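Analysis of the macromolecular model
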Amino acid sequence: MATKRDYYEVLGVPRDADDNTIKKAYRKLALENHPDRRPDDPEAEERFKEAAEAYEVLRDAEKRRLYDSYGHDGVRGSGFQGFRSYDDIFAHFGDVFGFGDVLGDLFGGGRRRDPNRPRRGEDLSTQIAIEFREAARGCSKEIEVERVIDCKACEASGCAPGSRPETCPTCRGTGQASMSRGPFLMTTTCPTCQGRGRRITKPCEECRGAGRVRQHETLKVEIPAGIESGMQLRLTGKGGTGVRGGPPGDLYVGIGVHDDPVFSRGAEHLLIELDVPFVQCALGGEVQVPTLDEPTTLKVPAGTQAGAVFRVEGQGLARLRGRGRGDLVVRVRIPVPTKLSSKEKALLKDLAAEEGLAVGSGKRGLVDRIRENLNG
Ligand SMILES: [Zn+2]
Ligand SMILES: [Zn+2]
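We now turn to the structure provided with this report. (Residues numbered from 1 in each chain as written. Chains lettered and ligands numbered in written order. Predicted model: local features only at pLDDT ≥ 70, side-chain atom pairs only at ≥ 80, totals over all residues.)

**Focus: the overall build of the chain**
When helices and strands are tallied, the chain shows 10 helices and 15 strands. Counting across all 376 residues of the chain, residues that qualify as buried make up 20%. Once local pairs closer than 6 in sequence are excluded, the contacts in the chain between residues at least 24 apart make up 58%. (Helix = DSSP H or I, 4+ residues; strand = E, 2+ residues; numbered from the N terminus. Buried ≥ 20, exposed ≤ 12 C-beta atoms within 10 Å, placed from the backbone. Contact = placed C-beta atoms within 7 Å.)

Structure below.
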């Protein structure tokens, strides 16, 4: 990979630039180097990509913080790879972040004013909480959403059955009204039909002429194994219905994952704190470790200390990007036994004697002795 330029330098903004300044700088560069304007210009394409990448990082507080602290490596560490192509950029900003509107403002400006243009349906979002092990294994969940769909009664026309929209009497279907202002003839959007050129005389009773209704729906969501708390799934086309033939919006499902009493996670690795009796730590031995599936056997070498870390490869969580699974990372805790049989006590006392340690209640303190003398 060639050396990357500093993102602030790419956008030509100071390091303390606010979000608005960054956005403006990006718009300007995107406009100058946009493929519609500069077709087949590889340098413009490079600049367009570079600007998109810089913008992607600097507009996100967390990525910007990583970049400020660690440079390009910090951002790479967070999983961001940059963009490969125009399609990448448009797919990313256009869909995932609704940034398409900014590009739309710039490049599709003229068409936006047509009230009869097809419009994309609205994006919806909802949240769902799942258990740790459901996230680890993947699961399928039902969610409730309320979304706008085409009215079935009137097939989205907005007209009562048997009726049809009539041509707007004010503008005679042109959608535009003219009025004279002195020597000038001004053209504006027709106020009667808001530029649609048609008027609904008998509105559909179900949707009151809107052609669309709100509906409660239950949707099934497949949640992939390995998903992390705070991630979002996008269900393409499950948002509101499009208007006048426009595509439907998307539904975003935010995922919250409950903690687990046994496991926690670090990226794709499953973490567990495991109690290992000190005898096994001292002499070495085999212990059973819970995994997401069947418990597995872990060999603990002699002389294992509290806090020692062992890895069981491939017993972690599914990698969302890429193949395979992470590891199970086992951190050893050495509990001190609190309930001892008399035989265990005797053995431990032998051990203490061997090591010359003063143990147990056999060695009474001065206070105990004085108290005994006073009482006795
Ligand atoms: Zn209707
Ligand atoms: Zn009209």
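**A short note on helix H9 (residues 342–355)**
Over its 14 residues, H9 runs 20 Å from end to end, which matches the ideal 20 Å to within 8%, given 1.5 Å per residue. Judged by how many residues are buried, H9 sits mostly at the surface: 0 of 14 residues are covered. After H9 finishes, the residue Gly 356 shows a positive phi value of roughly 70°. (Expected span 1.5 Å × (residues − 1).)

**So, the environment of Gln 288**
Mapped onto the secondary structure, Gln 288 falls in strand E12 (residues 285–289). Each C-alpha atom of the pair Gln 288 and Lys 299 lies 8.9 Å from the other, and the pair is 11 residues apart in sequence. What Gln 288 contacts, discounting residues up to four positions off in sequence, is Pro 295 and Thr 297.

**As for the nonpolar core**
Counting 18 residues, the largest nonpolar core has Tyr 7, Leu 11, Tyr 26, Ala 51, Ala 54, Tyr 55 and Leu 58 as the members making the most contacts within it. For this core, the elements supplying multiple residues, two or more each, are helix H1 (7–11), helix H2 (19–33), helix H3 (42–58) and helix H4 (61–77). Tallying contributions element by element places H3 first for this core, with 7 residues. (Core = buried A, V, L, I, M, F, W, Y, C linked by C-beta atoms within 7 Å.)

**As for the sheet that holds strand E10 (residues 263–266)**
Neighbouring strands of a sheet are bound in pairs by backbone hydrogen bonds; such pairs are parallel or else antiparallel. Strand order in the open sheet formed by 4 strands is E10-E11-E15-E14, with mixed pairing between adjacent strands. Of all strands in the sheet, those with a lone pairing partner are E10 and strand E14 (309–312), marking the two edges. Taken pair by pair, the neighbouring strands of this sheet meet at an average axis angle of 30°, ignoring direction. In the sheet, strand E11 (residues 269–275) pairs with strand E15 (residues 328–333) via 6 bridges, with the strands oriented parallel. From the neighbouring strand, Leu 270 faces E15, where its bridge partner is Leu 328. (Pairing = 2+ DSSP bridges. Axes fitted to C-alpha atoms, helices over the stretch in contact; angles between N-to-C directions.)

Keep in mind these numbers describe shape, not what the thing actually does.
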